[in-house]
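The chain contents come next:
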Amino acid sequence: MVAALILVAGLATAAVIFFRLVSGAGPARTFGPGETVTVHLNKDPRPGFYVTDAGSPDDRCYARDSAGRGFAAEPISGTATITENGTRWHVLSHLRLPADGTYQVGCAPTSASAGVRYGIGTPPGAGRMVGDIFAVILIPMAAFAAAIVIIIVVTVRRSSHRRRLTPPPRPF
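Residues numbered from 1 in each chain as written. Predicted model: local features only at pLDDT ≥ 70, side-chain atom pairs only at ≥ 80, totals over all residues. Heavy atoms only, no water.

I would appreciate a short explanation of the sheet that holds strand E2 (residues 36-41) in the present structure.
Note on sheets: strands pair through backbone hydrogen bonds, and any given pair is parallel or antiparallel. Pairing is antiparallel across the open sheet formed by 4 strands, whose spatial order is E2-E9-E4-E5. Edge positions in the sheet fall to E2 and strand E5 (70-72), since each has one partner strand and no second. Put simply, the sheet's adjacent strands are angled 30° from each other on average, direction ignored. Sheet analysis places E2 next to strand E9 (residues 101-107), joined by 6 bridges and oriented antiparallel. What sits directly across from Thr 36, in E9, is Gly 106. (Pairing = 2+ DSSP bridges. Helix = DSSP H or I, 4+ residues; strand = E, 2+ residues; numbered from the N terminus. Axes fitted to C-alpha atoms, helices over the stretch in contact; angles between N-to-C directions.)

Laid out in structure tokens, this is it:
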């Protein structure tokens, strides 16, 4: 019984981690070029801007706090792509914010940004993704191993207990 509970708990934990891994990686809020939206952003992990096409070097996104201070997004090095609900999102840039809070965010329109959608959210970091993938694999394996050990120990102990309770054979 305990072995079964451990196994079920391990599988359930892995399922929750897997669900967290595959969901919520895309933008939390979307908007068009030149639009401004108000969102709550956390300083850590650093929020990022997404774009529905590969973007261009001319894409300039920003955040503005309630005091009117502006924070320009910093382009990322390399490429990161996430597909969510059939939409392919490219991580465009990250924000370095001084504190958690409510910000107005937007991306300036350019001649190349006609028809694209932008988004703001928390891109998954490589370390988090690798850690989650290992957790999805290792947690069920550890639960399975613990369940097997419990089954073996219980079986051996019951067998030895039965042998102790069985009377010795009578001599002829």
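What am I meant to see in unusual backbone geometry here?
Leaving glycine out, the prevailing phi sign among residues is negative, and the prevailing peptide bond configuration is trans. The omega torsion of the bond from Asp 44 to Pro 45 falls at -10°, within 30 degrees of zero and hence cis. Counting through the fold element by element, Pro 45 comes out in the loop between E2 and strand E3 (48-51).

Can you help me understand a nonpolar patch on the surface in this one?
A cluster of nonpolar side chains, contributed by Phe 144, Ile 148, Ile 151, Ile 152 and Val 156, occupies part of the molecular surface with about 460 Å² of accessible area. One can find Phe 144 in helix H2 (residues 126-165). (Patch = residues over 30% accessible without salt bridge, like charges linked within 9 Å, V, L, I, M, F, W, Y side chains within 5 Å. Areas by Shrake-Rupley, 256 points an atom, 1.4 Å probe, with all protein chains shown as cover. Salt bridge = Lys/Arg side-chain N within 4 Å of Asp/Glu carboxyl O.)

Help me understand the state of the cysteines, please; the structure alone is not making it clear to me.
Note on terminology: a disulfide is the covalent bond linking the sulfur atoms of two cysteines. Counted under the stated rule, the structure contains 1 disulfide. Bridging Cys 61 to Cys 107, the disulfide has an S-S length of 2.0 Å. Judged by the torsion about the S-S bond (105°), the Cys 61/Cys 107 disulfide is right-handed. Here Cys 107 lies in strand E9 and Cys 61 lies in strand E4 (residues 61-64), a separation of 46 residues in the sequence. A relative accessible area of 6% means that Cys 61 is categorised as buried. (Disulfide = S-S within 2.5 Å. Buried < 20%, exposed > 50% of the residue type's maximum accessible area, 1.4 Å probe, protein only.)

Explain the pairing of strand E7 (residues 81-84) here, please?
With 4 bridges connecting them, E7 and strand E8 (residues 87-94) associate as antiparallel partners. If you follow Thr 81 over to E8, its bridge partner there is His 90. Hairpin connection of E7 to E8: 2 residues between the antiparallel strands, including Asn 85 at a positive phi of 55°.

Just checking my understanding: could you explain the packing of aromatic side chains for this structure?
Any two aromatic rings considered together are summarised by their centre-to-centre distance and by the angle between their planes. Within the structure shown, the criterion is met by 4 aromatic pairs. Where Phe 71 meets Tyr 103, the ring centres are 6.2 Å apart and the plane angle is 75°; that geometry is what we call edge-to-face. With a gap of 32 residues between them, Phe 71 in strand E5 and Tyr 103 in strand E9 connect regions that are remote in the sequence. Take Phe 71: its relative accessible area is 16%, and that puts it in the buried class. By relative accessible area, which is 4% here, Tyr 103 ends up buried. Ring-pair connections join several aromatic residues into one group, and the members of that group are Phe 31, Phe 49 and Tyr 118. (Phe/Tyr/Trp six-rings, centres within 6.5 Å; stacked < 30°, edge-to-face > 60°.)

Hey, could you run me through the environment of Arg 29 in this one?
Locating Arg 29 in the fold gives a position in strand E1 (residues 29-31). Overall, Arg 29 belongs to the partly exposed group, its relative accessible area being 38%. Sequence separation between Arg 29 and Gly 121 is 92 residues, and the spatial gap between their C-alpha atoms is 6.9 Å. Each residue touching Arg 29, except ones within four places of it in the same chain, is listed here: Val 37, Thr 38, Val 39, Tyr 118, Gly 119 and Ile 120. (Contact = heavy atoms within 4.5 Å.)

Note that every value here comes from positions in space, so none of it alone points to a role or purpose.
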